[in-house]
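Secondary and tertiary structure notes
The residues making up each chain are set out below.
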Amino acid sequence: MKDKEMQGKKQGTKAVWGGQSDLFYQGATQVPVVNSVTFGYDNVDDWFDVAIGKKEGHIYSRNTNPTVAVFEEKVRVLENAEAATSFSTGMAAISNTLYTFLSKGDRVVSINDTYGGTSIVFLEFLPKYGIEVSLCDTEDHDEIEAELKKGCKLLYLETPTNPTMKILDLKRLIQAAHQVGAMVVVDNTFATPINQSPLALGADLVLHSATKYLGGHSDAMGGVVCGRKELIDQVFHYREINGASLHANTAYMLLRGIQTLELRVLRQNENAMKLAEHLEKHPKIEQVFYPGLESHSGHKIASEQMTGFGGVLSFSVKGDFKEVKVFLNHLELAHLAASLGSVSTLIGPPKVTSHVEATEEERKQLGIPETLIRCAVGIENIEDIIADFDQALSKI
Ligand SMILES: *Cc1c(COP(=O)(O)O)cnc(C)c1O
């Protein structure tokens, strides 16, 4: 099924068929894994035409590869973008995108609560190259707009954020950025293309750690950026030279995972909502952070810009870190592990995972209680997860 025919199809259909409908090698219905590093030609004229981009084809797998191209096409279709390019990890997608568009003297505006690795790029690496970075209080839209007005080349956003699921008003901030001539990049990893479409809200580029929900099984790393062709061509050029390319084997694993994206994410939305509602009523829980709850500061905006609230929530237990340890050590149906987006439930305290390098004071400033626990709900039957949480909480 060609691109034209994918337009107007629902996300669940695109996840299965996007990029994947041509008959492959000898009629194979599934995507062949092309482990070839190099691609040969019968005559030099054809080779030359492909090399100068006059004809479609592949030359060398750091640049393009047939299996990797199917992965890029599938995500492109899901994000309704003109073009997409892929990377070996989510961080490669993020850093390569930033390095593509930023040069000495440019100014970036972003938020305090970006993904840990992203925030290190902002604080440690970009300033080394003479790029100014202004990080704002995540929920303070007025501050972000004020910073944009001081001059900005690129606004970098992420919503919902880790770990307290703060929500940014994408439409409002994208408009404000465009008014001052800044381009907008949105990390859509937490929301997935099932729950949120930043490009439809005006973003210039949307990117993902495919390691999380797109792949969906915690067994493959990758990254991807989607947007207008003119921008993606530049990101592709940076990546083909700097080398953070996705491997064909990994692309296949991500492709295999992504076909069930809608099924998984709809289930995770539902599971997270049920768990959040249950924990909010639990006597041993202090506070629950989930944008699907009316008590959450971002609930109203999330209800408007998302079609589902996602599979990640966090909550603080009453007491101190001793109680956190008792609870986590008694859980049976969750991996005590970092990351998110897997079919199995992953859980851990930001004090030990994403924010281990922050001081208690810095965590406080980000609104992260010392007893906070982040949970990325899997696709298990939620009744079993809730029962497991209850028995572990009863040990406190
Ligand atoms: C995990 C993650 C990343 C980084 O992705 P890797 O694949 O681990 O490099 C970036 N952004 C968000 C929101 C993430 O959760």
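Throughout this description, residue numbers start from 1 for each chain and increase along the sequence as written. Under the rules for a predicted model, residues below a pLDDT of 70 receive no local features and side-chain atom pairs below 80 are neither given nor counted, while totals for whole chains, interfaces and linings still include all residues. For side-chain calculations, the full set of non-hydrogen atoms in the structure is used, while hydrogens and water are omitted.

Concerning helix α7 (residues 141-149)
Only protein chains enter the calculation, and the probe is 1.4 Å; a residue is then buried if its accessible area is under 20% of its type maximum, exposed if over 50%, and partly exposed in between. What counts as a helix is a DSSP run of H or I of at least four residues, what counts as a strand is a run of E of at least two, and both are numbered from the N terminus. Looking only at α7, the buried set comprises His-141, Ile-144, Glu-145, Glu-147 and Leu-148. Relative to the axis of α7, the buried residues are bounded by an arc of 160 degrees and lie together on one face. Those residues of α7 that are exposed and aimed more than 90 degrees away from the buried face are Asp-142 and Lys-149. The criterion used for residue contact is that any of the two residues' heavy atoms lie within 4.5 Å. Contacts made by the buried residues of α7 are with β2 (107-111), β3 (132-136), β4 (154-158) and α8 (170-179). Immediately beyond the C-terminal end of α7, within one or two residues, lies Gly-151, with a positive phi of roughly 110 degrees. Each C-beta atom gives one direction from the helix axis, and the arc is the one those directions make.

Some remarks on the packing of helix α12 (residues 261-280) against helix α16 (residues 382-394)
Axis geometry follows a simple rule: fit a line to the C-alpha atoms, using only the stretch in contact for helices, then measure angles between N-to-C directions, giving values from 0 to 180 degrees. Two elements in contact, α12 and α16, have axes separated by 10 Å at closest approach and are oriented at 30 degrees. In this view, α12 runs roughly parallel relative to α16, as classed from their interaxial angle. The two elements α12 and α16 cross, and the hand of that crossing is right-handed. Here α12 contributes Asn-271, Lys-274, Leu-275, His-278 and Leu-279 to the contact with α16, which in turn contributes Ile-382, Ile-385, Ile-386, Phe-389, Asp-390 and Leu-393. In what follows, roughly perpendicular refers to angles from 65 to 115 degrees, roughly parallel to angles under 35, roughly antiparallel to angles over 145, and oblique to any angle outside these ranges. Handedness of a crossing follows from how the near helix is turned relative to the far one, being left-handed for an anticlockwise turn of less than a right angle and right-handed for a clockwise one.

Quick notes on the packing of aromatic side chains
Each Phe, Tyr or Trp ring (for Trp, its six-membered ring) is paired with any other whose centre lies within 6.5 Å, and the angle between the two planes then decides the class: stacked below 30 degrees, edge-to-face above 60, tilted in between. Tallied over the full model, the rule gives seven aromatic pairs. Considering the side-chain rings of Phe-315 and Phe-389, the 6.1 Å spacing of their centres and the 50 degrees angle between planes classify their relative orientation as tilted. One end of the pair, Phe-315, is in strand β9 (residues 312-317); the other, Phe-389, is in helix α16, with 74 residues separating them in the sequence. When sorted by exposure, Phe-315 lands in the same class as Phe-389, which is buried. Between Phe-327 and Phe-389, the ring centres sit 5.4 Å apart and the planes meet at 70 degrees, which makes this aromatic pair edge-to-face. Of this pair, Phe-327 sits in helix α14 (residues 321-330) while Phe-389 sits in helix α16, placing them 62 residues apart in sequence. Phe-389 shares its class with Phe-327; the two are buried.

Re α8
Inspection of α8 places Leu-170, Leu-173, Ile-174, Ala-176 and Ala-177 among the buried residues, and these make up the whole buried set. Around the axis of α8, the buried residues are gathered within 160 degrees of arc, so they sit on the same side. Across from the buried face of α8, at angles greater than 90 degrees, the exposed residues are Lys-171 and Gln-179. Buried residues belonging to α8 abut α7, β4, β5 (183-187) and α13 (299-305). The positive-phi residue at the C-terminal boundary of α8 is Gly-181, with phi of around 80 degrees.

Purely spatial values, then, with no claim about function.
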